[in-house]
Amino acid sequence: MIDLGPWRSGEPGARERTAALVDEALQAAGFLLITGHGVDPRLPARIREAAKEFFRLSAEVKQPYAVAVGSRGWLGPGAEANSYAEGAASPPDLKESWSFAADEPTGDPSVDAEWFLPNTWPAEVPALRPLVVEYLARMRALSDELLELLATALGLAEDHFTRHTGHPTWGFNLNWYPGTEVLGEPLPGQFRIGAHTDFGTVTVLDRQQGSGGLQIHTDADGWQDAPYDPAALTVNIGDLMARWTGDRWRAGRHRVLPPPVDAPAEELVSLVYFYECDAHTRVESLPAPVGRVVHEPVDSHAYLRAKLDAITVS
């Protein structure tokens, strides 16, 4: 549990103490609970209600918005299987999503055509747009602040990562996890989201507590229910950040359980903000003593595209 209050306070030693706690936690699990973030809880609550209005519409109404993974619009049932990011076959994930992504052009036609297209908004739920726009602005600012905190935790210049987020890509998913009356009974090995790590730098998650909820994996304890605090945002690092730190920090491996047998009608909505970096950033492992494993340098967005393609169900 990391309180951003001391980090923001300017008190002597507060930033260093907070950074040390972050380093310790990310070496253990790749996950944090963040409080003191300043996001009004009424905002995600209103987004959830608007999102449910869309998701509860008929498939015929939603179908014109259907897109593939990595695009902007509706990901319907069976569109995605996250376990394939780890090379593990599984049935498709038991969810629907509305996906947004970075939409402010850079001026480079080839980059913009792939990564900075306009977002799509459901005409049936006009209230969703202003809420999401406000939330996205808060997530962008918070994610950059988290990257500054991560750099400090590594003993680096505060802008070590944010110098690569001048015009970054990001994704934002509204994930709807309905009950079995919508989905049917899960197949063997089928999850709301299969086991995987995220692909970018940091992920900021506003989630609901549920029996069929988030689990995280550590080498020490295996799969465990993720701790929950209604006032906290859940933050995990992704593959690019793990590679950048030379695996000092492991990407947070996680999954979302299927609807529970004892509560088959459970319905959850998660707000998931995936932060990345400027298009085609060269991600190179930090050397020892910070880093522990040297990965070959990667083009950030070639890496991201390969992962998005891997989880797409054709």
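Details of the structure are given in the entry above.
Residues numbered from 1 in each chain as written. Predicted model: local features only at pLDDT ≥ 70, side-chain atom pairs only at ≥ 80, totals over all residues. Heavy atoms only, no water.

S.K.: Explain the overall build of the chain here, please?
M.R.: Helix and strand content of the chain: nine helices and 14 strands. The C-alpha atoms of the chain give a radius of gyration of 19 Å, which matches the 20 Å a tight globule of 314 residues would have. Along the first, second and third principal axes, the C-alpha set of the chain runs to 55 × 50 × 40 Å. Burial statistics for the chain: of 314 residues in total, 54% are counted as buried. (Helix = DSSP H or I, 4+ residues; strand = E, 2+ residues; numbered from the N terminus. Rg over C-alpha atoms; globule rule 2.2 N^0.38 Å. Buried < 20%, exposed > 50% of the residue type's maximum accessible area, 1.4 Å probe, protein only.)

S.K.: How should the sheet that holds strand 9 (residues 222–225) be read in this particular structure?
M.R.: Adjacent strands of a sheet form backbone hydrogen bonds with each other and so pair up, either parallel or antiparallel. Pairing is antiparallel across the open sheet formed by four strands, whose spatial order is 6-11-8-9. Edge positions in the sheet fall to strand 6 (193–196) and strand 9, since each of these pairs with one other strand and no more. The average undirected angle you get between the axes of adjacent strands in this sheet is 20°. Note that strand 8 (residues 214–218) and strand 9 share four bridges and pair antiparallel. Bridge pairing in strand 9 places His 217 opposite Trp 223. (Pairing = 2+ DSSP bridges. Axes fitted to C-alpha atoms, helices over the stretch in contact; angles between N-to-C directions.)

S.K.: In this structure, what is going on with the nonpolar core? I would like to understand it.
M.R.: The biggest cluster of nonpolar side chains holds 71 residues, and the ones touching the most others in it are Ile 47, Phe 100, Tyr 135, Leu 150, Phe 172 and Leu 174. Broken down by element, this core gets its largest block of residues, 13 residues, from helix 6 (residues 128–153). The next biggest cluster of nonpolar side chains, apart from the first, holds 10 residues, and it includes Phe 31, Tyr 177, Leu 214 and Leu 268. (Core = buried A, V, L, I, M, F, W, Y, C linked by side-chain atoms within 4.5 Å.)

S.K.: Looking at this model, I keep getting lost on the packing of helix 3 (residues 42–55) against helix 6. Mind explaining?
M.R.: The relative placement of two packed helices is expressed as an angle between their axes plus a distance between the axes. Viewed as axis vectors pointing N to C, helix 3 and helix 6 meet at an angle of 140°, and their least axial separation amounts to 10 Å. Comparing their axes, helix 6 and helix 3 come out oblique. Seen from above, helix 3 lies across helix 6 with left-handed handedness. Facing helix 3, whose interface residues are Leu 43, Pro 44, Arg 46, Ile 47, Ala 50 and Ala 51, helix 6 presents Leu 128, Leu 131, Val 132, Glu 134, Tyr 135 and Arg 138. For the contact of helix 3 with helix 6, the class distribution of residues is nine nonpolar, no polar and three charged. (Parallel < 35°, antiparallel > 145°, perpendicular 65-115°, else oblique. Left-handed = near helix turned anticlockwise from the far one by under 90°. Contact = heavy atoms within 4.5 Å. Nonpolar A, V, L, I, M, F, W, Y, C, P; charged D, E, K, R; others polar.)

S.K.: How should I be thinking about the packing of aromatic side chains in this particular structure?
M.R.: Given two aromatic rings, their pairing is described by the distance between the two centres and the angle made by the two planes. In the structure shown here, the tally under the stated rule is 12 aromatic pairs. Seen in terms of ring centroids, Phe 55 and Trp 176 are 5.4 Å apart; in terms of plane orientation they differ by 5°. Their pairing is stacked. With a gap of 121 residues between them, Phe 55 in helix 3 and Trp 176 in strand 5 (residues 168–177) connect regions that are remote in the sequence. Exposure class is identical for Phe 55 and Trp 176. Each is buried. Here the aromatic rings of Trp 170 and Tyr 273 are separated by 5.8 Å at their centres, their planes lie at 25°, and the arrangement is stacked. Remark: Tyr 273 occurs in strand 12 (residues 268–278) and Trp 170 occurs in strand 5; sequence separation between them is 103 residues. By relative accessible area, Tyr 273 is classed as buried at 1%. Clustering of aromatic rings is evident, with ring pairs tying together Phe 54, Phe 55, Tyr 65, Trp 98, Phe 100, Trp 121, Tyr 135, Phe 172 and Trp 176. It is Arg 15 that lies over the ring of Trp 7; its NZ or CZ is 3.7 Å from the centre. For Arg 255, the ring lying beneath its charged end belongs to Trp 223, and the centroid distance is 4.2 Å. (Phe/Tyr/Trp six-rings, centres within 6.5 Å; stacked < 30°, edge-to-face > 60°. Lys NZ or Arg CZ within 6 Å of the ring centre and 35° of its normal.)

S.K.: In this structure, what is going on with helix 9 (residues 300–311)? I would like to understand it.
M.R.: In an α-helix, one turn spans 3.6 residues; hence positions three or four apart end up facing the same way. Over its 12 residues, helix 9 runs 17 Å from end to end, which matches the ideal 16 Å to within 8%, given 1.5 Å per residue. Taken together, the buried positions of helix 9 are Ser 300, His 301, Tyr 303, Leu 304, Lys 307, Leu 308 and Ile 311. Here the buried residues of helix 9 occupy an arc of 150° about the axis, which is enough to place them on one side. Of the surrounding secondary structure, the elements contacted by the buried residues of helix 9 are helix 5 (109–115), strand 5, helix 8 (239–244), strand 12, strand 13 (282–283) and strand 14 (298–299). Where helix 9 begins, the side chain of Asp 299 points an oxygen toward the backbone nitrogen of His 301, at a separation of 2.9 Å. (Expected span 1.5 Å × (residues − 1). Arc of directions from axis to C-beta. Polar contact = N/O pair within 3.5 Å; in protein donor to acceptor, adjacent residues only side chain to side chain.)

S.K.: Looking at this model, I keep getting lost on the sheet that holds strand 4 (residues 96–101). Mind explaining?
M.R.: The eight strands lie next to each other as 1-2-10-7-12-5-4-3, forming an open sheet whose pairing is mixed. The strands lining the two open edges of the sheet, one partner per strand, are strand 1 (2–3) and strand 3 (73–75). As defined by bridge partners, strand 7 (residues 202–206) adjoins strand 10 (residues 233–237) across four bridges and the pair is classed as antiparallel. Across the sheet, Val 202 pairs through a bridge with Ile 237, a residue of strand 10. Taken strand by strand, helix 6 contacts strand 2 (31–35), strand 4, strand 5, strand 7, strand 10 and strand 12, and its axis lies near 55° from that of strand 12.

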